[in-house]
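These are the residues of each chain, in order.
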Amino acid sequence: MKDYIEERAVNIANYIIESNATVRQAAKAFGVSKSTVHKDCADRLIAINPALAKEVRKVLDVNKAERHIRGGLATKEKYLHKHQLEEC
């Protein structure tokens, strides 16, 4: 594996852990795809740093468990904003 890929995987994992970021947020911050973030954190990181992989997995599992709530809140915001625009 190339050095820059290993470095990116560690940097992404640290970012996710420090900021409780989602895969989507991490992908945007690092300018890579969601698939790349997932591959780095789920597969590559285990070979590079198993302890860090375990930590990032905890954060990603919490995010996965909460995603339906975030989606509902986003939809609520969308329709509240749309309703406010119609009143103007």
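Cut-offs applied
- Residues numbered from 1 in each chain as written.
- Predicted model: local features only at pLDDT ≥ 70, side-chain atom pairs only at ≥ 80, totals over all residues.
- Heavy atoms only, no water.
- Axes fitted to C-alpha atoms, helices over the stretch in contact; angles between N-to-C directions.
- Helix = DSSP H or I, 4+ residues; strand = E, 2+ residues; numbered from the N terminus.
- Parallel < 35°, antiparallel > 145°, perpendicular 65-115°, else oblique.
- Contact = heavy atoms within 4.5 Å.
- Nonpolar A, V, L, I, M, F, W, Y, C, P; charged D, E, K, R; others polar.
- Phe/Tyr/Trp six-rings, centres within 6.5 Å; stacked < 30°, edge-to-face > 60°.
- Buried < 20%, exposed > 50% of the residue type's maximum accessible area, 1.4 Å probe, protein only.
- Salt bridge = Lys/Arg side-chain N within 4 Å of Asp/Glu carboxyl O.

Engineer: It is not clear to me how the packing of helix α1 (residues 3-19) against helix α3 (residues 34-48) should be interpreted in this structure. Could you clarify?
Structural biologist: In helix packing, the relevant descriptors are the interaxial angle and the interaxial distance, both defined with respect to the helix axes. Packing of α1 against α3 leaves a shortest axis separation of 9 Å and a crossing angle of 105 degrees. Regarding the angle of α1 to α3, the classification is roughly perpendicular. Counting all contacts with α1, which are made through Ile-5, Glu-6, Arg-8, Ala-9, Val-10, Ile-12, Ala-13 and Ile-16, the residues of α3 involved are Thr-36, Val-37, Asp-40, Cys-41, Arg-44, Leu-45 and Ile-48. Here the contact of α1 with α3 is composed, by residue class, of 10 nonpolar, one polar and four charged.

Engineer: Would you take a moment to explain the side chain of Asn-63 for this structure?
Structural biologist: Relative to the elements of secondary structure, Asn-63 occurs in helix α4 (residues 50-87). Each residue touching Asn-63, except ones within four places of it in the same chain, is listed here: Asn-20, Ala-21, Thr-22 and Arg-70.

Engineer: Where do I start with the packing of aromatic side chains in this structure?
Structural biologist: Two descriptors summarise a pair of aromatic rings, namely the distance from one centre to the other and the angle between the planes of the rings. Counting across every chain of the model gives one aromatic pair. Ring geometry for Tyr-15 and Phe-30: centres 5.5 Å apart, planes at 80 degrees, overall edge-to-face. With Tyr-15 in helix α1 and Phe-30 in helix α2 (residues 23-30), this pair connects stretches of sequence that are 15 residues apart. Tyr-15 gets classed as partly exposed once you look at its relative accessible area, which sits at 30%.

Engineer: Can you walk me through the pattern of salt bridges in this structure?
Structural biologist: Opposite charge on two side chains makes pairing possible when the charged atoms of those side chains draw close. Taken as a whole, this structure holds four salt bridges when the rule is applied. We note a salt bridge from Lys-39 to Asp-43, for which the minimum N-O separation is 3.4 Å. You can see Lys-39 and its partner Asp-43 sitting in helix α3, four residues apart, about one turn around the helix. Overall, the relative accessible area of 39% leaves Lys-39 in the partly exposed class. Exposure remark for Asp-43: the relative accessible area of 43% places this residue in the partly exposed category.

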